[in-house]
Protein chains: 2
Amino acid sequence: MLPIGVHTKSEASNCSIRSVLSNVTGKWRMIIILALEDEPKRFGEIKRCIGDVTQRVLTENLRGLQRDGYLTRTVDPGPPVAVSYALTPQGRALLELLKPLVYWSHEQMDDVKTARMEYDRAHPG
Amino acid sequence: MLPIGVHTKSEASNCSIRSVLSNVTGKWRMIIILALEDEPKRFGEIKRCIGDVTQRVLTENLRGLQRDGYLTRTVDPGPPVAVSYALTPQGRALLELLKPLVYWSHEQMDDVKTARMEYDRAHPG
DNA sequence: TCATGTAGTTACTTTAAGGATACTACCATA
DNA sequence: TATGGTAGTATCCTTAAAGTAACTACATGA
């Protein structure tokens, strides 16, 4: 059995598996990894690709993914300076695990909508 | 290309794929689904299995998963009353997609720890 | 009768994630 | 000269998720 549950107070802070999975459970990290699937991208390209993320939040999440070894940050000292982000082999491995989940979610959308409506009708208030 | 990015304000509220993925991106839902892998479990069993979740949060997340069609809630009107939760076929399909991710995370733990230490050493302050 | 277990609900507080806005500093193009 | 693009940082604010604690209501067993 995998150590997913946490059974003492002291375990909670260093439940490693949750810590690794946090690269997926944030609102933006999965999206950033998917955005880098085809080729390395620059900061602005990623931002445009995602659309509704602020610079500050994008920077934070890129740093987090870089820190965990899922992408690299390369500065080309121009001029003009250009910074590009690319998936590492580990990042690509994670991407390959995420893709089935994303495609499946896409297929599930209608079923989930229906299930929600039925639940809300069966459980009013 | 999947509609993961959001490019207008109005799209943001109903980006369906994110809405489905929210069953994975919460702190507890993935853990609950994994907890139900082997057999249906009762409220208290799930709670003991996870360990550090509060009753209130567990209730909320069970309701959310039930609402989206990933698990069923069955009341056996005893006495004593017993409530059991079980994965639906959709819940089980989601579980099968999550398992590779969880096992992989488990394998990655050491690499991630190392990567974090290296990053922190290379980027002090 | 008193403690324990079952499955919750209600009210309040805290925390982390994300958002808004303004700013730097450099460069290119019109 | 001014406008826009590049890649951010700094500061403050809002919100959603989660946590804490107390409570219900019913049942079992000591």
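Residues numbered from 1 in each chain as written. Chains lettered and ligands numbered in written order. Predicted model: local features only at pLDDT ≥ 70, side-chain atom pairs only at ≥ 80, totals over all residues. Heavy atoms only, no water.

Peer 1: Explain helix α4 (residues 43-50) of chain A residue by residue, including any values.
Peer 2: Residue and element names in this part refer to chain A. Where α4 is concerned, the buried positions are I46, C49 and I50. One side of α4 carries all its buried residues, which in axial view fall inside an arc of 90°. Immediately downstream of α4, the backbone of G51 shows phi near 100°, a positive value. (Buried < 20%, exposed > 50% of the residue type's maximum accessible area, 1.4 Å probe, protein only. Helix = DSSP H or I, 4+ residues; strand = E, 2+ residues; numbered from the N terminus. Arc of directions from axis to C-beta.)

Peer 1: Any details on the interface of chain B and chain A? Residues and values, ideally.
Peer 2: Contact with chain B, which involves 55 residues of that partner, is made by 55 residues of chain A. When the two sides are added together, the surface that chain B and chain A hide from each other amounts to roughly 4700 Å², 68% of it contributed by carbon and sulfur. On the surface where chain B and chain A come into contact, there are four salt bridges. Between R67 of chain A and D120 of chain B there is a salt bridge, with the nearest N and O atoms lying 2.8 Å from each other. Linking chain B with chain A are six residue pairs in polar contact (both at pLDDT 80 or more). (Contact = heavy atoms within 4.5 Å. Buried area = accessible area lost by both parts, 1.4 Å probe. Salt bridge = Lys/Arg side-chain N within 4 Å of Asp/Glu carboxyl O. Polar contact = N/O pair within 3.5 Å; in protein donor to acceptor, adjacent residues only side chain to side chain.)

Peer 1: Tell me about the sheet that holds strand β3 (residues 81-87) of chain B, and name the residues and values.
Peer 2: Two modes of strand pairing occur in sheets, parallel and antiparallel, and in both the strands are linked by backbone hydrogen bonds. Residue and element names in this part refer to chain B. Read from one edge of the open sheet, three strands run β1-β3-β2, paired in antiparallel fashion. Both edges of this open sheet fall to β1 (41-42) and β2 (71-77), since each of them pairs with a single strand only. Bridge count between β2 and β3: seven bridges; the pairing is antiparallel. Bridge assignment links V75 to a residue of β3, and that residue is V83. Strands in contact with helix α5 (residues 55-67) are β2 and β3; relative to β2, the strand with the most contacts, it is inclined by about 115°. (Pairing = 2+ DSSP bridges. Axes fitted to C-alpha atoms, helices over the stretch in contact; angles between N-to-C directions.)

Peer 1: I'd like a description of the protein's contact with DNA strand D, backed by residues and values.
Peer 2: In the region of DNA strand D, 19 residues are neighbours, and R42, G44, R73 and Y85 of chain A together with K27 of chain B sit closest. Sugar plus phosphate: this is where 67% of the atoms of DNA strand D within 4 Å of the protein reside. Residue G44 of chain A places a main-chain N or O atom 2.9 Å away from a phosphate oxygen belonging to DNA strand D. Measuring from a phosphate oxygen of DNA strand D, one finds a side-chain N or O atom of R48 of chain A at 3.4 Å. At the level of secondary structure, the elements contributing two or more residues to the surface near DNA strand D comprise α4, α5 (55-67) and β3 (81-87) of chain A together with α5 of chain B. (Near = heavy atom within 4 Å.)

Peer 1: Lay out the relation of the copies chain B and chain A in plain terms, naming residues and giving numbers.
Peer 2: What connects the two chain copies is a rotation about an axis and a shift along it. Screw-axis analysis of chain B against chain A gives a translation of 0.0 Å along the axis, an RMSD of 0.1 Å, and a rotation angle of 180°. Both copies are brought into coincidence by an operation consistent with a two-fold rotation axis. Relative to the rotation axis, the C-alpha of T25 of chain B is the closest in chain B, positioned 2.0 Å from it. A high fraction, 100%, of the interface residues of chain B reappear at the interface in chain A, so the copies pair face to face through one surface. (Least-squares fit on C-alpha atoms with pLDDT ≥ 70 in both.)

Peer 1: Which residues make up helix α6 (residues 89-122) of chain A, and what values go with them?
Peer 2: Across its 34 residues, α6 of chain A extends 47 Å between first and last C-alpha, which sits within 8% of the 50 Å expected from 1.5 Å per residue. A maximum bend of about 50° is found in α6 of chain A at Q108 of chain A. (Expected span 1.5 Å × (residues − 1). Bend = angle between axes of the 7 residues up to and from the residue.)

Peer 1: Summarise the nonpolar core; cite the residues concerned and give the values.
Peer 2: With 61 residues, the main nonpolar core has I32, I50 and L94 of chain A together with I32, I50, L94 and L101 of chain B as its most contacted residues. Element by element, the count of residues in this core is highest for α6 of chain A, at nine residues. For I32 of chain B, the residues in contact, after removing those within four places along its chain, are I50, L58, N61, L62, L65 and L71 of chain B. (Core = buried A, V, L, I, M, F, W, Y, C linked by side-chain atoms within 4.5 Å.)

Peer 1: Help me get a handle on the confidence of the model for chain A, residues and values and all.
Peer 2: If pLDDT is low for a region, its predicted coordinates should not be looked at in detail. Residue and element names in this part refer to chain A. Summarising the model, chain A shows a mean pLDDT of 83, and 85% of its residues fall at 70 or more. The spread of mean pLDDT over the elements of chain A runs between helix α1 (residues 9-12), the lowest at 38, and α5, the highest at 93. In the predicted structure, residues 6-14 sits below a pLDDT of 50 and forms 13 contacts with residues beyond four places in sequence or in another chain. (pLDDT = per-residue confidence, 0-100.)

Peer 1: Describe the packing of aromatic side chains, and please don't skip the residues or the numbers.
Peer 2: In the structure shown here, the tally under the stated rule is two aromatic pairs over all chains. With a centroid separation of 6.0 Å and an interplanar angle of 35°, the aromatic rings of Y70 of chain A and W104 of chain B are classed as tilted. Taken together, the positions of Y70 of chain A in the loop between α5 and β2 (71-77) and W104 of chain B in helix α6 (residues 89-122) put the pair across two chains. Taken individually, Y70 of chain A and W104 of chain B each receive the classification buried, so the pair is uniform in this respect. (Phe/Tyr/Trp six-rings, centres within 6.5 Å; stacked < 30°, edge-to-face > 60°.)

Peer 1: Tell me about the protein's contact with DNA strand C, and please be specific about residues and values.
Peer 2: Surrounding DNA strand C, one finds 20 residues, the nearest of these being K27 of chain A together with G44, Q55, R73 and Y85 of chain B. If you look at DNA strand C and keep only atoms within 4 Å of the protein, 70% of those are sugar or phosphate atoms. Within the side chain of R56 of chain B, an N or O atom sits 3.2 Å from a base nitrogen of DNA strand C. Here R63 of chain B contributes a side-chain N or O atom positioned 3.5 Å from a phosphate oxygen of DNA strand C.

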